[in-house]
Structures are given as structure tokens and as C-alpha cells.
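An overview of the molecular structure
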Amino acid sequence: IILVTGSLLVFMYIAHVSSARDVLTRKSINKALFSISVTVSSFTNGGLLPTNESMAVFSSNNGLLLLLIGQILAGSTLFPVFLRLVIWALRGLRLAKAEEPDFMMNNSSAVGFSHLLPNLQTIFLAAVEVAFVAMTVILFCCLNWDSAVFAGLTSLQKITNALFMAVNARQAGENSIDCSLVAPAALVLFMVMM
């Protein structure tokens, strides 16, 4: 569900935003193939993208970076959270018998799937992940705000790129900026987060 939805959202974004579409046209990359490959790579934390510069060529495309942040988190640290959300949505949409999603949500150990954590552990996991990402974004912005790392980007684009880098430091390894320009202290922070 997440891969299909993510691929469609990335494709629709590229189809409607000319700056993202122009990058793919200039590099002769098929939009549909790019959408599928970047979604699968982000969700599986592969870090393999069909562009030579990773996501740096899309550093001004906030929407695309935000879509991929969701994919990266759904496929890694927050997988148990997204798994619970999918089960909750299935129950809410009545796509499964009412007792099956309820049983899975309330008896996660009996299901035998280790990623389906109990409610309290799922909440703690989400809180810890948000805290780590927020701390990394704040430190990354403090260390690099006026440097060449964010040259030519607006404040919103700087924050989005910092968020993308913070999420990727612990997960997929994709870059939306040139890492050679990052402050040495931020590189140490990324190594610790990895």
C-alpha cells in the first residue's frame, strides 16, 4: 500500500511541478521509472537513485523531499507505527472483518509478527524518533544556516533540506545537499546518528 501510494504521489508531484520535471527531462530519466525507483529505494532504505547527485538536484523541491521523508520513515524506524496506522485504517474503512484488526491491535504478541509492537511501545518509538530528528534538524540548521550548504535556498527550503538530511542520517543515506560543504561538527553529528 505504501509503495504504490508513494509511487503515485511522487509521479503526480513530478507531473505537476515543472522544476522537478525539467531535471528528469534534462537527464533523460523516465518520470514513471524514477517515481517507482525513488519510492522503492527510499522505503527500503537502499539509497540507490537514478540521478548521479542523489537528491541534491531536487533540493528546491520541498514537496518531493517531504514525500520521500514519509517513505523513508515508513520503511525504517517508524515501520511499526505505520503498520498500526494501516491496520487502524483497514478497520476504519471496514476492508477487513471487524474482529481481525481489533485482535491484531490488542494481541500483537499473539500475532507473531515482531514489528507489530504493543500500543505503548509504538507511542514511545514514535516519540523517540521525533525527538532524534528534531534534535538533528536544530543542530544541523544552527551549524550550517548561513554557509554554502544552503546557498540559494529560502528559509523553508533550508528547513526541509535539514529535515531530509536528518532523516537520512539514520536511514537511507540519500543527500539533498552537497555533504562536502557541511560543517565538520555536523558531519560528526551525522556519524553519531548513523
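Structure report, in brief. Computed from a predicted structure; not experimentally measured.

Here we come to the side chain of Arg84. Structurally, Arg84 is set in helix H5 (residues 79-93). Residue class for Arg84 comes out buried when judged on its relative accessible area of 6%. Among the polar contacts made by the side chain of Arg84, one reaches the side chain of Asn119 at a distance of 2.9 Å. Of note is the side chain of Arg84, whose polar atom sits 3.4 Å from the side chain of Thr122. Those residues within four positions of Arg84 in sequence are excluded, and the remaining contacts are Met105, Ser108, Leu116, Leu117, Pro118, Asn119 and Thr122.

Ranked by size, the top nonpolar core spans 39 residues in total, and within it Met55, Phe58 and Phe140 carry the most contacts. Setting aside residues no more than four positions away along its own chain, Phe58 makes contact with Ala20, Val23, Leu24, Phe34, Thr51, Leu64 and Leu65.

What follows deals with helix H1 (residues 2-16). Look at H1: 21 Å from first C-alpha to last across 15 residues, which is about the 21 Å you get at 1.5 Å a residue. The complete set of buried residues in H1 reads Gly6, Ser7, Val10, Tyr13 and Ile14. Down the axis of H1, the sector holding all buried residues measures 130°, keeping them to one side. The exposed residues of H1 that point more than 90 degrees off its buried face are Val4 and His16. Looking at the buried positions of H1, the neighbouring elements they touch are helix H2 (18-26), helix H3 (31-43) and helix H4 (62-74).

Now for H5. Structural remark: α-helix, 3.6 residues per turn; residues separated by three or four positions point the same way. If you check H5, its first and last C-alpha atoms are 21 Å apart, about what 15 residues at 1.5 Å a residue would give, namely 21 Å. Among the residues making up H5, those that are buried are Pro80, Val81, Leu83, Arg84 and Ile87. For H5, the arc enclosing every buried residue in end-on projection is 160°, short of the 170-degree limit, so these residues lie on one face. Turned more than 90 degrees from where H5 packs its buried face, Gly92 and Leu93 sit exposed.

At a closest axis distance of 10 Å, the pairing of H1 and H4 adopts a crossing angle of 170°. Comparing their axes, H4 and H1 come out roughly antiparallel. Contacts between H1 and H4 involve Ile2, Gly6, Leu9, Val10 and Tyr13 on the former and, on the latter, Asn62, Gly63, Leu64, Leu67, Leu68, Gln71 and Ala74. Considered class by class, the residues forming the contact of H1 with H4 number 8 nonpolar, 4 polar and no charged.

On to the side chain of Ser7. With respect to the secondary-structure elements, Ser7 resides in helix H1. Residue Ser7 is classed as buried on the basis of its relative accessible area, which comes to 12%. Among the polar contacts made by the side chain of Ser7, one reaches the main-chain carbonyl oxygen of Leu3 at a distance of 2.9 Å. Beyond its immediate stretch of four places on either side in the chain, Ser7 contacts Ser35, Ile36 and Thr39.

We now examine the packing of aromatic side chains. The tally for this structure, following the rule as stated, stands at 4 aromatic pairs. The interplanar angle of 40° and the centroid separation of 5.4 Å between the aromatic rings of Phe34 and Phe58 together place this pair among those described as tilted. With Phe34 in helix H3 and Phe58 in the loop between H3 and H4, the pair connects residues that are 24 residues apart, well separated along the chain. The burial state of Phe34 is the same as that of Phe58; both residues are buried. Both rings, one in Phe140 and one in Phe150, keep their centres 5.7 Å apart while their planes meet at 85°; by these two values the pair is edge-to-face. Of this pair, Phe140 sits in helix H8 (residues 119-144) while Phe150 sits in the loop between H8 and helix H9 (155-170), and the two are 10 residues apart along the sequence. Per residue, the accessibility class of Phe140 equals that of Phe150, and both read buried. Taken together, the aromatic side chains of Phe140, Trp145, Phe150 and Phe190 make up a single cluster linked through ring pairs.

Cut-offs used in this document
- Residues numbered from 1 in each chain as written.
- Predicted model: local features only at pLDDT ≥ 70, side-chain atom pairs only at ≥ 80, totals over all residues.
- Heavy atoms only, no water.
- Helix = DSSP H or I, 4+ residues; strand = E, 2+ residues; numbered from the N terminus.
- Buried < 20%, exposed > 50% of the residue type's maximum accessible area, 1.4 Å probe, protein only.
- Polar contact = N/O pair within 3.5 Å; in protein donor to acceptor, adjacent residues only side chain to side chain.
- Contact = heavy atoms within 4.5 Å.
- Core = buried A, V, L, I, M, F, W, Y, C linked by side-chain atoms within 4.5 Å.
- Expected span 1.5 Å × (residues − 1).
- Arc of directions from axis to C-beta.
- Axes fitted to C-alpha atoms, helices over the stretch in contact; angles between N-to-C directions.
- Parallel < 35°, antiparallel > 145°, perpendicular 65-115°, else oblique.
- Nonpolar A, V, L, I, M, F, W, Y, C, P; charged D, E, K, R; others polar.
- Phe/Tyr/Trp six-rings, centres within 6.5 Å; stacked < 30°, edge-to-face > 60°.

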